[in-house]
Amino acid sequence: PVLSLQAQDTGGSSALSKGSAAALGYTQDRFLRLLAGGRRRRRAPLVHRGYYIRARAVDHCVQDFLLRTQGHPRSQILSLGAGFDSLYFRLKELGVLQHTVVCEVDFPAVARQKAALISRVKELAALVGEDGAEGSGVITCSGKNYKLLGVDLCELCELERALEEAGMYSGVPTLFIAEVVLTYMENRRSDALIQWAAERFSQACFLLYEQMHPGDPFGRVMQQHFRQLNSRLHSLAQYPDREAQQRRFLEKGWTECSVMDMNEFFTCCTPEDEQQRVQALEPFDEFEEWHLKCSHYFVLAASKGMEPPWTPLLPSMTGPRCGGPARVAGSLTASVCAKNSELSGLRRYGHHSLLLKPNLILTTGGFGDEEGQHCRVRSLQVLVKRAGGWEAAPVRKDHPDKRWGERLYHTVSCLSNNLALVVGGRTSPSRPGLGMMLLKFPEALNASDPGEIPVELLSLQPAPDPAALRWRHSATEVIFQGEKYLFLYGGRSAMEPVLGDWCFLHLQELSCTVIPVEGPAPESRHSHSACSWKGGVLVAGGLGAAEQPLGSVFFLKEVERGFEWQTVETQPPLIPRYSHTAHVHDEKLLLVGGVWFHSSSVPGVTVIDLVTGLCLDYTINVDHLEWPLMLHNHSSVFLPDEEELLLIGGGGNCFSFGTHLNPEPVSLSLSNILTSH
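This one's a predicted model, so the numbers in the text were calculated from it and none came from an experiment. (Residues numbered from 1 in each chain as written. Predicted model: local features only at pLDDT ≥ 70, side-chain atom pairs only at ≥ 80, totals over all residues. Heavy atoms only, no water.)

Topic: the overall build of the protein chain
And then number 1: For the protein chain, the count of helices and strands is 15 helices and 39 strands.
And then number 2: Once the C-alpha set of the protein chain is aligned to its principal axes, its extents read approximately 85 × 50 × 45 Å.
And then number 3: Taking all 677 residues of the protein chain together, the buried fraction comes to 58%.
And then number 4: Averaging the positions of the 63 positive and the 75 negative side-chain charges in the protein chain gives two centres separated by 5 Å. (Helix = DSSP H or I, 4+ residues; strand = E, 2+ residues; numbered from the N terminus. Buried < 20%, exposed > 50% of the residue type's maximum accessible area, 1.4 Å probe, protein only. Lys, Arg positive; Asp, Glu negative; His and termini not counted. Charge placed at Lys NZ, Arg CZ, Asp CG, Glu CD.)

Section: the environment of aspartate 59
And then number 1: You can see aspartate 59 is positioned in helix H3 (residues 45-68).
And then number 2: Accessibility expressed as a relative area gives 27% for aspartate 59, which makes it partly exposed.
And then number 3: Sequence-distant contacts of aspartate 59, that is, excluding residues within four places in its chain, are made with Leu87 and Arg90. (Contact = heavy atoms within 4.5 Å.)

Let's talk about the pairing of strand E29 (residues 553-558)
And then number 1: Of the pairings in the sheet, the one linking strand E28 (residues 536-540) to E29 comprises four bridges and is antiparallel in character. Looking at E29, one finds that valine 537 is bridged to leucine 556.
And then number 2: Examined bridge by bridge, E29 and strand E30 (residues 563-567) share five bridges and lie antiparallel to one another. Directly across from leucine 556, in E30, lies its bridge partner tryptophan 565.
And then number 3: The antiparallel pairing of E29 with E30 creates a hairpin that spans four residues between the two strands. (Pairing = 2+ DSSP bridges.)

Regarding the sheet that holds strand E22 (residues 474-480)
And then number 1: In space, the four strands of this open sheet follow the order E22-E23-E24-E25, with antiparallel pairing throughout. With partners counted over all chains shown, the strands left at the sheet margins are E22 and strand E25 (512-513), one partner each.
And then number 2: As judged from the two bridges shared by strand E24 (residues 502-506) and E25, these two strands associate in the antiparallel manner. Considered in E25, the bridge of phenylalanine 504 is made with threonine 513.

Brief notes about the pattern of salt bridges
And then number 1: Under the criterion given, the structure shown has 32 salt bridges.
And then number 2: In this structure, lysine 484 and glutamate 477 form a salt bridge, with 3.9 Å as the shortest nitrogen-oxygen distance.
And then number 3: Two residues, arginine 561 and glutamate 518, come together in a salt bridge whose shortest N-O distance is 2.6 Å. Taken together, the positions of arginine 561 in the loop between E29 and E30 and glutamate 518 in strand E26 (residues 517-518) put the pair 43 residues apart, joining distant regions of the chain.
And then number 4: Sharing partners across several salt bridges, the network here consists of Asp285, Glu288, Arg426, Arg472 and Arg492. (Salt bridge = Lys/Arg side-chain N within 4 Å of Asp/Glu carboxyl O.)

Remarks on the sheet that holds E29
To summarise the sheet geometry, strands pair through backbone hydrogen bonds and adopt either a parallel or an antiparallel arrangement.
And then number 1: Spatially, E26-E30-E29-E28-E27 is the arrangement adopted by the five strands of the open sheet, whose pairing is mixed. Taken across any chain shown, the strands that pair with only one partner, and hence form the sheet edges, are E26 and strand E27 (529-533).
And then number 2: Pairing of E26 with E30, which is carried by two bridges, proceeds in the parallel orientation. Within the sheet, the bridge partner assigned to glutamate 518 lies in E30 and is glutamate 564.

Topic: the pairing of strand E39 (residues 666-669)
And then number 1: Here three bridges tie strand E9 (residues 330-336) to E39, and the two strands are oriented antiparallel to one another. The residue bridging valine 336 from the neighbouring strand is valine 666, located in E39.
And then number 2: With four bridges joining them, strand E36 (residues 644-648) and E39 adopt antiparallel strand pairing. What sits directly across from leucine 647, in E39, is valine 666.

As for the side chain of serine 474
And then number 1: Along the chain, serine 474 falls in strand E22.
And then number 2: In this structure the side chain of serine 474 is engaged in a polar contact, spanning 2.9 Å, whose partner is the side chain of histidine 528. (Polar contact = N/O pair within 3.5 Å; in protein donor to acceptor, adjacent residues only side chain to side chain.)

Some details on the environment of tryptophan 502
And then number 1: Looking at the secondary structure, you find tryptophan 502 in strand E24.
And then number 2: According to the relative accessible area criterion, tryptophan 502 is partly exposed, its value standing at 27%.
And then number 3: For the pair tryptophan 502 and glycine 143, spaced 359 residues apart in the sequence, the C-alpha separation amounts to 63 Å.
And then number 4: In contact with tryptophan 502, not counting residues within four places along its chain, are Phe487, Leu488, Tyr489, Val517, Ala521 and Trp565.

Remarks on the packing of H3 against helix H14 (residues 287-295)
And then number 1: Where H3 contacts H14, the axes come no closer than 10 Å and their chain directions differ by 30°. Here H3 lies roughly parallel to H14, going by the angle between them. Taken as a pair, H3 and H14 cross one another with a handedness that is right-handed. Residue-level contacts link Leu46, Arg49, Gly50 and Ile53 of H3 to Glu289, Trp290, Lys293 and Cys294 of H14.
And then number 2: Class assignment of the residues belonging to the contact of H3 with H14 gives a composition of four nonpolar, one polar and three charged. (Axes fitted to C-alpha atoms, helices over the stretch in contact; angles between N-to-C directions. Parallel < 35°, antiparallel > 145°, perpendicular 65-115°, else oblique. Left-handed = near helix turned anticlockwise from the far one by under 90°. Nonpolar A, V, L, I, M, F, W, Y, C, P; charged D, E, K, R; others polar.)

Considering empty space enclosed by the protein
And then number 1: Going through the model one piece at a time under the given rule, you end up with two cavities of 30 Å³ or more.
And then number 2: In this structure, the largest cavity spans a volume of roughly 60 Å³.
And then number 3: Forming the walls of the largest cavity are 12 residues, and the residues nearest its centre are Trp596, Val602, Gly604, Asp617 and Tyr618.
And then number 4: Elements that contribute at least two residues to the lining of the largest cavity include exactly strand E33 (605-609) and strand E34 (615-621).
And then number 5: Element by element, the count of residues in the lining of the largest cavity is highest for E34, at three residues.
And then number 6: Its residues assigned to classes, the lining of the largest cavity shows seven nonpolar, four polar and one charged. (1 Å grid on protein atoms, 1.4 Å probe; cavity = no way out; pocket = protein on both sides within 12 Å on 5 of 7 lines; lining within 4 Å. Points joined across faces, edges and corners; volume = space filled by probe spheres on them.)

Put into structure tokens, the structure is as follows:
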């Protein structure tokens, strides 16, 4: 059937991705190259990390099973939908299969193809053994510790007969492995397989790696990708989350079952030195997509008849556990605010938006859609509020020879009513370090004028202060002894994956000034938020040195001698997050969107009362939008008179599922929550 052919195609693509990750040192696996039959393809760093965590989870559980059963005279590993996986060859070379048989099952065509490949490649054939010749029936390849069966997993009677023929026993400890396999089967068939395994084998363990959370923005993009491949993910509708999958196994005859999403697995079951090794392998700057990918995949370990029970997913380290669902105080309705379709230039992420005047918004930089291509965006975009709503106004760049720099993750700050300062940003993670630039507008900028808005790009001479050579930082106006400064804080640089330093940039001279700062400094962070408040700065969240979201809030307060760091206590504690935006209004700090490790929901708007410390989370109701609203790497503008938020851009590369860019700006009315708060 077509489904089986599509599922086989995903297996081939997966093998190439695993091979690419191994070639760059993410995993130690020299057999993937041999099993790929000479085919090679270099994948993106984000895909490498995704396949690394998958391989790491499977290896972790397999090694635990082998350790647990080493005292038994025999044990078995039954890999379902194994494709061109290399597990047997790696374990055989390690010498850990003295008492263990690995049996792989896949569609007959795939099994025959793999058997032919094994017989052609001397190194693989030698590891299977003398009797590893290609078979002609269901058993396509057979050795002392290895069996390769060509059977459709939907046909349980056939599978049982084939296992008996291959000499597999139902009374010895057996580990079933299903890596993104069952979800391609109809639920009644995959449920029957899970139940059959529990009933047929007296000492059984089951390892499942699969997708979850189909209903949030990332999940919707993920599902759409598989639908386009004609490979629907059947499990998601009935088993959308960890709790549902756990119930599924317990109801189908398994007595123990634990589940972790991959953020939790990486944090709690991967040693710190290994985390650091992987994080340093390639230039990497797609943290949001990495964490979102990890929150949409889980590893499940179930067992029955094992004494003591098999529990490979007990955390070996303490890490931030994701707890239950986020506390929700209410919801806000998102509505599309543009009245025309000229705003495609705002389909971007990693950009910056700034309210120049009450009815004028400037958006610069980022990565997105420009003239029908995905690229680092060169054009500047101005939104003007007129009677019918927000409209795009044409922008004319004076001195077009001056390069904008195609930058992402920069900041833009108003210096005066006709001057804005651009600080930092990067082109690619391996070519960072863009300094400062001025954007100059006409003194009398009139939003009602339908003509072009001229913008002059001015380079700064001499060379910018080294403190400006950063990205994913914040730049916030502060006041000290009546003088205005820009407080540059945190971010990343070419030398440091995360920065904890700061600089006070004098707004008139545009040079760094030393101002004393007291109190314990916050831990290093990037992708945090920072807002001006009472002459100082409120810093919230961010991603820390271990690539872990932070939940701390700090106030850099002006004191007589300079500034002082103070901790802002919130109740209940703020859920750690990063890649959000923030605004202050009437003694309230508003945090908008971002990424957190609470995989059961996505961040909406959090309101922190700066007087009482009360912290309330509001979800965003997207029923009026026809597309997924991804609120990370976005920008937001707060319109104080209307008590309204304008959300501009956002999105990113959704693992290997394609790039999603929010197609148009969205507005959120905050009047209800700001008054009720």
